[in-house]
Amino acid sequence: MKDWPETFDIAIVGGGNAALCAAITAAEAGATVLILEAAPLPYRGGNSRHTRNFRCMHRGPLSVLIDSYEEEEYFHDLMLVTKGKTDEGLARMVIRASEACLPWMEAHGVRFQPSLSGTLSLGRTNAFFLGGGKALVNAYFNTATDLGVKVAYEAEVRHVHREADRITHLEVTVAGQPVTVRAKAFVLASGGFQADLDWLARAWGPSARNFLIRGTPYNRGVVLRDMLDQGAESVGDPTQCHAVAIDGRAPKFDGGIVTRLDCVPFSIVVNRDGERFHDEGEDVWPKRYAIWGRLVAAQPDQVGFSIIDSKAIDLFMPSVFPPIKADTIEGLASLMGLDPATLRRTVDGFNAACQPGTFHPTELDGLRTKGLNIPKTNWARPIDTAPFYGYQLRPGVTFTYLGLKVDDRARVHGTDGPIQNLWAAGEIMAGSILGQGYLAGFGMTIGTVFGRIAGKEAAAHVA
Amino acid sequence: MSLDHTAEARRQIEICNACRYCEGYCAVFPAMTREKAFSDGDLTHLANLCHNCRGCYYACQYTEPHEFALNLPAALAEVRVESWERLIRPQSFARLFQRHGVAMTGLLVAMLAAFFWLLAALKPTSGEGFYAYLAHGTMVTIFVPAFVLPLALIAAALRRYWVEVDGGRVTWAHLRRALQDAAQLRNLSGGQGQGCNFEEGDRYSDRRRMAHHLMMYGFLLCFASTSSGTIMHYAFGWEAPYPLLSVPKLLGVPGGLMMVVGTVYLVWLKLKADPALGAPRVWGGEMAFVLLLGAVAATGLLLYAATGTGLQAPLLAIHLATVMTLFLLMPFSKMVHGFFRLAALVVEAKKSQKAPQGEMA
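The rules we used
- Residues numbered from 1 in each chain as written.
- Chains lettered and ligands numbered in written order.
- Predicted model: local features only at pLDDT ≥ 70, side-chain atom pairs only at ≥ 80, totals over all residues.
- Heavy atoms only, no water.
- Helix = DSSP H or I, 4+ residues; strand = E, 2+ residues; numbered from the N terminus.
- Rg over C-alpha atoms; globule rule 2.2 N^0.38 Å.
- Buried < 20%, exposed > 50% of the residue type's maximum accessible area, 1.4 Å probe, protein only.
- Contact = heavy atoms within 4.5 Å.
- UniProt positions renumbered as here; feature names shortened; annotations may be inferred.
- pLDDT = per-residue confidence, 0-100.
- Buried area = accessible area lost by both parts, 1.4 Å probe.
- Salt bridge = Lys/Arg side-chain N within 4 Å of Asp/Glu carboxyl O.
- Polar contact = N/O pair within 3.5 Å; in protein donor to acceptor, adjacent residues only side chain to side chain.
- Nonpolar A, V, L, I, M, F, W, Y, C, P; charged D, E, K, R; others polar.
- Domains from an automatic or database assignment.

## Things to note about the overall build of chain A
And then number 1: Along chain A, the regular secondary structure elements total 10 helices and 20 strands.
And then number 2: At 23 Å, chain A has a C-alpha radius of gyration in line with the 23 Å of a compact globule built from 463 residues.
And then number 3: With respect to the three principal axes, the spread of C-alpha positions in chain A is 75 × 50 × 35 Å.
And then number 4: Out of the 463 residues in chain A, the part that is buried amounts to 62%.
And then number 5: Long-range contacts, defined here as pairs at least 24 residues apart, represent 73% of the contacts in chain A between residues at least 6 apart.

Right, here's the structure in full:
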């Protein structure tokens, strides 16, 4: 195996937000840095290229953020989604550090803008990237390159070689050729394992093969697996992944934001057998879309069908694929591969249970069904006005929870304490803080805070 | 209307409309969010509103090799050029000169021959300055129709455009807003003044806006110079040649210099930029148009510099030939972008005003 021609102070595994924050921080501290990005250039940036905002604590108006969003409220929001599955110390550290991150991001090329249309409720808590996550990734790559950071694309790290409490080198395949990369310090920022369907199937069961992966196909968890095999401490439930209900016609990988469907609260959702299985009107969609990933995953063939009528078609963000459309419920059922008589019966039963009242699409309107085993508790209006529309739903995996356990200095621990020259940042360690659920923009916060810590610590180590 | 380009732009716009990450770059994306389905007229409007800053391309998660294969700047450039080729009559002229720099060069050569012949055949017996070579009355007889008729063709095309995009009635406020946007090239600002992604890939740069400003304001100064000369001639009986410290020269000399610098700047930028993010089939025509503007300005300046020398006559023929080519090609060259873009900005000022953007569920 050939050695990489240059020797660097720090080798960083991964090319997303956390990796770039680490690289920039380390390079500014004077270290020489190599980024090993598994993807080819057009797909660089991991899942960061699909993101669009950053959740940020602030005690007063800050850049595009209005009012204030203080530590206690932020932590409370995190506790709500994780149901307490978080390391409070690390979580509070990330939250507090987020405030200084925003100006740092701006100083390193990231541009923010006011909230996007359709997301105004996040204007206080989340700062949106102008152009989205890929624009952020581009800005960071440019900043890193200007600082002398070298980037290798199509560089898949196969093995992290450990001797006692130190990492000596990485075994890497660069554009198909095996190469040994030696460095004095290493940062792992290579993401989760959600793109490895075999791993997902082992963890979740064979039905996971029907899941769609919303993000990059390059997060296969090779480095994570390798570290776990070498006794690195882990955190997060290995059987769990975060999934949302998305358009069933989305690409297998990398469908990203556009595959989102917001029609569920204004619809009834049936399974393959034409039966409803959950209250579609439980809460506003941003608070519920995550649970629908699991709900659909639990149905036969991991598929659901959201049915609306023409009264509802303009109430939600446009979908990337046009809905299936028919003049009758039976016609719609045939087009979607459902039994027409069963769907008719389900729709009739639902329509009969709807009550008079005032419909308010933007708030919990309490317009609920009466007498159904599975009620719809808000926005329950009869589906009776042709044309009728249908969307197929499938679970779309966003990320996995299993990761490396780190301390507040981003160090990775083996069975007998921290590894001396190894740090982790981003999705690969996010389970240390986010044990369950998800909070919009929090992944980027964890990546930025821990990327900067890892870069600083690694640079101090080699100085 | 080409089904291919329109259908492709519609496919891409529908993906963009489900994403909206690029909302902050320019007016195209907020305009898009008003619709759920896009008529051909909507696409014509969005295409003419797009200034080809390319910010959205480099920020896009769905560019090739992704299967969605988005390249919105190129898709809109194709629809935009096609809208000019369709709306301007005769369409065959528009197709010929929009696409082929060689055709423009051919016309220029013909004009050079024509003016050298004219200067030889119609040399007046008296007259001062360049009127010694071609009488004022002759120039007016030739250039007034060559200026007015192309403008009439453009006006007719804009009428068709207005119907197609459902422009409706506009107010002074809409016009003022559009002129402000055009004067600042707000849609080339990248949304925050950082500029385009034109000549340096995914790095922002404001150079294209600067180069365009030089060209546009230089052109307007030259146009004002000619207009002031006309006014001085007819209203005050003060005939050319004008001294350096006169209104036509004070406007025209800096204007001409700005156009020459702008030409070099724009050519350099265009050579560095990725042609695949525009409409590649009209690259040659666009380049020839920029060079033509440069030639008009450069020959005008040289003509002034050559006053009183033996070069005045041939330079006059050359300069008049370039001006004539520019006039005749106004409807059929990239020159029309200015008219259509301004129209699109007016329409957008109107449409954006009455469509408040509420939060969608």
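Here the narrative resumes, following the displayed structure.
## Some thoughts on the UniProt feature "transmembrane region" (unreviewed entry) in chain B
And then number 1: As annotated in UniProt, the feature "transmembrane region" (unreviewed entry) corresponds to residues 101-122, 134-158, 214-238, 250-268, 288-307 and 313-332 of chain B in the numbering used here.
And then number 2: Segment residues 134-158 of chain B splits into 92% helix and 0% strand. End C-alpha atoms: 35 Å apart.

## Brief notes about the confidence of the model for chain B
And then number 1: Mean pLDDT over chain B stands at 94; residues scoring 70 or higher make up 97%.
And then number 2: Predicted confidence for residues 356-361 of chain B stays below pLDDT 50, and this span has 17 contacts to residues more than four positions away or in other chains.

## A few points about the interface of chain A and chain B
In many reports, interface size means the accessible area that the parts give up when they come together.
And then number 1: Taken together, the contact between chain A and chain B spans 46 residues of the former and 34 residues of the latter.
And then number 2: Summing both sides of the interface, chain A and chain B together bury roughly 3,400 Å²; the carbon and sulfur share of this comes to 52%.
And then number 3: It is Arg111, Leu130 and Pro318 of chain A in chain A that bury the most area against chain B; as a group they hold 16% of the surface buried on that side.
And then number 4: Here chain A and chain B share 2 salt bridges between them.
And then number 5: Between Arg44 of chain A and Asp202 of chain B there is a salt bridge; the shortest N-O distance is 3.0 Å.
And then number 6: The interface formed by chain A and chain B holds 21 residue pairs in polar contact (both at pLDDT 80 or more) in total.
And then number 7: Where the side of chain A that touches chain B is concerned, the elements lending two or more residues are strand E5 (112-113) and helix H4 (133-146) of chain A.
And then number 8: Here the element with the most residues in the side of chain A that touches chain B is H4 of chain A; it accounts for 7 residues.
And then number 9: In terms of residue class, the side of chain A that touches chain B is built from 19 nonpolar, 17 polar and 10 charged.

## Quick notes on the domain arrangement of chain A
All names here are of chain A.
And then number 1: According to the domain assignment, chain A contains domain 1 (8-198 + 401-462) and domain 2 (244-396).
And then number 2: Each of domain 1 and domain 2 has a C-alpha centre, and these two points are 36 Å apart.
And then number 3: Taken residue by residue, the interface counts 6 residues in domain 1 and 5 residues in domain 2.
And then number 4: Of the roughly 530 Å² buried where domain 1 meets domain 2, counting both sides, 62% is carbon and sulfur surface.
And then number 5: Ranking the residues of domain 1 by area buried against domain 2 places His50, Arg52 and Leu197 at the top, with a combined share of 58%.
And then number 6: At the junction of domain 1 and domain 2, the tally comes to 2 residue pairs in polar contact (both at pLDDT 80 or more).

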